[in-house]
Amino acid sequence: SASQVITVRDTTPPVLSGVPVATTVQCLANLPAPANVTATDNCDTNPIVTFSAVTNGACPAIVTRTWVARDFCNNAATNSQSITVLDTIAPVLVGVPTNVTVQCLANVPAPANVTATDNCDTNPVVTFSAVTNGVCPTTITRTWTAIDRCTNSASASQVITVRDTTPPVLSG
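Asks: Is there a simple way to explain the packing of aromatic side chains in this structure?
Replies: How two aromatic rings sit relative to each other is set out by the distance from centre to centre and by the angle between their planes. Under the defined criterion, the tally for this structure stands at two aromatic pairs. Ring geometry for F51 and W67: centres 5.2 Å apart, planes at 45°, overall tilted. Taken together, the residues span a long stretch of sequence, with F51 in strand 4 (residues 48-56) and W67 in strand 5 (residues 61-70) at a distance of 16 residues. Where F128 meets W144, the ring centres are 5.2 Å apart and the plane angle is 45°; that geometry is what we call tilted. Placement of the pair is F128 in strand 10 (residues 125-133) and W144 in strand 11 (residues 138-147), with a sequence separation of 16 residues.

As structure tokens, then:
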């Protein structure tokens, strides 16, 4: 009798297909769905593909999507896609009043309730300041500034001119 020993050694890792290229998007909300990555292997007809994603940073954020294909002999192939998430667009102020001229300080309207919208941040911060200059006429400059989480900002101002043009009335 005689025997032959055949050793099968699979040392070739699977091959991943369909891993997208690096890309850049505005806002995390605009991330594309993960690609349907597949794998082929020289010995295993059904290599297992796993997926993971890691986000690093805030502005800009880097999302790294990684696919790993593993065959039944534990050979593995890894490929990744890097997505840079930017926010380069400033918030938009809503409700900034127009410039006005009034007769007396008592006629100066209360500050408006100015809000802001942003393409990426659902809650941009709005700050308010007022600066008064001069006596007659007096100018009041009200400034609203909106800042999103990526420090993009927008400012708008209202100038109120107080101009007393009515002379006093003498009596007696």
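Asks: How do you make sense of the sheet that holds strand 12 (residues 153-162) when you look at a structure like this?
Replies: Hydrogen bonds between backbone atoms are what pair the strands of a sheet, whose relative direction is either parallel or antiparallel. In spatial order, the strands read 8-12-11-10; together these four strands make up an open sheet with mixed pairing. If you trace the sheet from one side to the other, it starts and ends with strand 8 (100-102) and strand 10, each paired once. When strand polarity is set aside, the average angle formed by the axes of neighbouring strands in this sheet is 20°. Here three bridges tie strand 8 to strand 12, and the two strands are oriented parallel to one another. From the neighbouring strand, V100 faces strand 12, where its bridge partner is I160.

Asks: Could you clarify how one ought to interpret the state of the cysteines in this entry?
Replies: Put plainly, two cysteines are in a disulfide when a covalent bond ties their sulfur atoms together. In the structure shown here, the tally under the stated rule is two disulfides. Residue C27 pairs covalently with C120 via a disulfide, S to S 1.6 Å. On the sign convention where negative means left-handed, the S-S torsion of about -80° between C27 and C120 marks this disulfide as left-handed. Of the two residues, C27 sits in the loop between strand 2 (23-26) and strand 3 (38-40) while C120 sits in the loop between strand 9 (115-117) and strand 10, which places them 93 residues apart along the sequence. Relative accessible area serves as the criterion here: at 5%, C27 is assigned to the buried category. Shown here for the chain is a disulfide pattern of 1-3, 2-4, where each number marks a bonded cysteine counted in sequence order.

Thresholds applied
- Residues numbered from 1 in each chain as written.
- Predicted model: local features only at pLDDT ≥ 70, side-chain atom pairs only at ≥ 80, totals over all residues.
- Heavy atoms only, no water.
- Phe/Tyr/Trp six-rings, centres within 6.5 Å; stacked < 30°, edge-to-face > 60°.
- Helix = DSSP H or I, 4+ residues; strand = E, 2+ residues; numbered from the N terminus.
- Pairing = 2+ DSSP bridges.
- Axes fitted to C-alpha atoms, helices over the stretch in contact; angles between N-to-C directions.
- Disulfide = S-S within 2.5 Å.
- Buried < 20%, exposed > 50% of the residue type's maximum accessible area, 1.4 Å probe, protein only.

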